[in-house]
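Residue-level listing of the chains:
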Amino acid sequence: MSNTQKEAGTASTKATPQRSANLPLDTILQGECTEVMRGLPDASVDMIFADPPYNLQLKDQLQRPDNSQVDGVDDAWDKFDNFASYDSFTREWLAQAQRILKNTGTLWVIGTYHNIFRVGTAMQDHGFWLLNDIIWRKTNPMPNFRGTRFTNAHETLIWAAKSADQRKYTFNYNALKAMNDDLQMRSDWLIPICSGKERLKKNGKKAHATQKPEALLYRILMAASKPGDVILDPFFGSGTTGAVSKKLGRHFVGIERDEGYIAVARERIAATERLDEEALGYTISKRQAPRVPFGQLVEAGLIKTGATLYDSRRRHTARVRSDGTLVSRDMTGSIHQIGAHVQGAPACNGWTFWHVENRGDLVPLDRLREEIRAISHA
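Just so it is clear, the structure is predicted and the values come from calculations on it, not from any experiment. (Residues numbered from 1 in each chain as written. Predicted model: local features only at pLDDT ≥ 70, side-chain atom pairs only at ≥ 80, totals over all residues. Heavy atoms only, no water.)

A.B. asks: Report on helix H7 (residues 240-247), specifying residues and quantitative values.
C.D. replies: Burial analysis of H7 places seven of its eight residues in the buried class, which makes it a mostly covered element. Of all the residues in H7, the buried ones are Thr 240, Thr 241, Gly 242, Ala 243, Val 244, Ser 245 and Lys 246. Two residues or fewer after H7 comes Gly 249, characterised by a positive phi angle close to 75°. (Buried < 20%, exposed > 50% of the residue type's maximum accessible area, 1.4 Å probe, protein only. Helix = DSSP H or I, 4+ residues; strand = E, 2+ residues; numbered from the N terminus.)

A.B. asks: Quick one: what's the story with the layout of surface pockets, residue by residue and with numbers?
C.D. replies: Approximately 880 Å³ is the volume found for the second largest pocket. Lining the second largest pocket are 26 residues, and of these Lys 226, Ser 285, Arg 287, Gln 288 and Ala 289 sit closest to its centre. Of all the secondary-structure elements, those providing two or more residues to the lining of the second largest pocket are strand S4 (101-111), helix H5 (173-179) and helix H12 (365-376). Take the lining of the second largest pocket: its biggest share by element is three residues, from S4. In terms of residue class, the lining of the second largest pocket is made up of eight nonpolar, nine polar and nine charged. (1 Å grid on protein atoms, 1.4 Å probe; cavity = no way out; pocket = protein on both sides within 12 Å on 5 of 7 lines; lining within 4 Å. Points joined across faces, edges and corners; volume = space filled by probe spheres on them. Nonpolar A, V, L, I, M, F, W, Y, C, P; charged D, E, K, R; others polar.)

A.B. asks: Go over the sheet that holds strand S16 (residues 355-358), please, and point to the residues and values.
C.D. replies: Strand order in the open sheet formed by six strands is S15-S14-S13-S12-S16-S17, with antiparallel pairing between adjacent strands. Strands at the two margins of the open sheet, each flanked by one partner only, are strand S15 (331-333) and strand S17 (361-364). Between one strand axis and the next, the sheet turns through 40° on average, direction left out of account. Contacting strand S13 (317-320), strand S14 (326-328) and S15, helix H10 (residues 335-343) crosses the sheet at an angle of about 145° to S15. (Pairing = 2+ DSSP bridges. Axes fitted to C-alpha atoms, helices over the stretch in contact; angles between N-to-C directions. Contact = heavy atoms within 4.5 Å.)

A.B. asks: An account of the packing of helix H3 (residues 83-100) against helix H4 (residues 116-126) is needed here, citing residue identities and associated values.
C.D. replies: Relative to each other, H3 and H4 sit at 45°, their axes nearing to 10 Å. In terms of orientation, H3 and H4 fall into the oblique class. Considering the relative orientation of H3 and H4, their crossing is right-handed. Facing H3, whose interface residues are Phe 83, Tyr 86, Asp 87, Thr 90, Arg 91, Leu 94, Ala 95 and Gln 98, H4 presents Arg 118, Val 119, Ala 122, Met 123 and His 126. Taken together, the residues of the contact of H3 with H4 sort by class into seven nonpolar, three polar and three charged. (Parallel < 35°, antiparallel > 145°, perpendicular 65-115°, else oblique. Left-handed = near helix turned anticlockwise from the far one by under 90°.)

A.B. asks: Any chance you could break down H10 for me, citing the residues and the numbers?
C.D. replies: The α-helix winds at 3.6 residues per turn, so residues separated by three or four positions along the chain end up facing the same way. By the burial criterion, the buried members of H10 are Ile 335, Ile 338, Gly 339, Ala 340 and Val 342. Backbone geometry just after H10 places Gly 344 at a positive phi near 65°.

A.B. asks: Describe the pattern of salt bridges, listing the residues and the values that go with them.
C.D. replies: This model, assessed by the stated rule, comprises 14 salt bridges. Residue Asp 51 pairs with Lys 212 through a salt bridge whose shortest N-O separation is 2.8 Å. Of this pair, Asp 51 sits in the loop between strand S3 (45-50) and H3 while Lys 212 sits in the loop between strand S9 (205-206) and helix H6 (214-224), and the two are 161 residues apart along the sequence. Arg 274 is the salt-bridge partner of Glu 277, the closest N and O atoms lying 2.9 Å from each other. Glu 277 sits in the exposed class, given a relative accessible area of 56%. Judged by relative accessible area, which is 24%, Arg 274 ranks as partly exposed. (Salt bridge = Lys/Arg side-chain N within 4 Å of Asp/Glu carboxyl O.)

A.B. asks: Describe in detail the environment of Ile 220, supporting the description with residues and values.
C.D. replies: Tracing the backbone shows Ile 220 in helix H6. Distance in space between the C-alpha atoms of Ile 220 and Phe 49 is 8.7 Å, their sequence separation being 171 residues.

Nothing here speaks to function; it is all geometry.
Encoded structure:
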């Protein structure tokens, strides 16, 4: 990221309703989310993280047993006249989100039981395709002071593709598995809410009532984005998405109408340092890795023309031709076709089936393919 981009990460600007041909990277746009989103170009962002108003519909002030007041969510931005007005608001920003997302992009929405089911219905009505619902289980939730309900100890995230026919989207399965001690990452996440030094304060009070923990955004960005991707947050608040995006080498576009929140976010992001290129590396799956044709191994000299290939038990053989095809039993074809032919099987992964001899040992072609990939990314 250039110095110009770093400086832009602390900037904010008034957005105009006219649609812009350029995406204002690493910028906080001030204004009402739907109006600002109308000015952003089509299919321009890789991921959207949305933390919309909860519409808590609070009727009374919450008090602790000692009669002190609970510092809950009573901000104006969370208040709507009725469910119909909230639903209309939801449909409007979702329509813009769907337009702005790339065809390979995904949307994350977080909410509580007050709003997440209404938002989920609107998402499906708009044609978003739900991939997962994630339960963020809080290790330190606020107690239920009145003792009339269960302690509300979780929030729900919905992860969705742009449409039902979308086949490509980012999911860093292997990176999440590595983060989780080589176990598949589950859809229930145990993460504490903001507290201590992470909780931003202004004049001794919370700078934002619903500040999300950086650990939550870290996992989301690691799961569904890559370095260099653009992350849009239409409800930017105190800037958690921007801070974590900058740290992980992603670009961000934030939308926020409150000048006070923008000031907090600007200061926070300016103080955040981007990880270096080596630290930004992460574990990718073979499916995500660049395609390497077998002929490239021949071109690079890792496999010699005329070399004999073997299966792991030396029961089958094939010879390499100059164009990267194999010949065996008077049949020619790709490493996959010939592997299937010699076994009498309908299909075969030639990269793992065929081996080349090296000093008496058999080395799978897949290992040589990884050498090519390593050279390409050096």
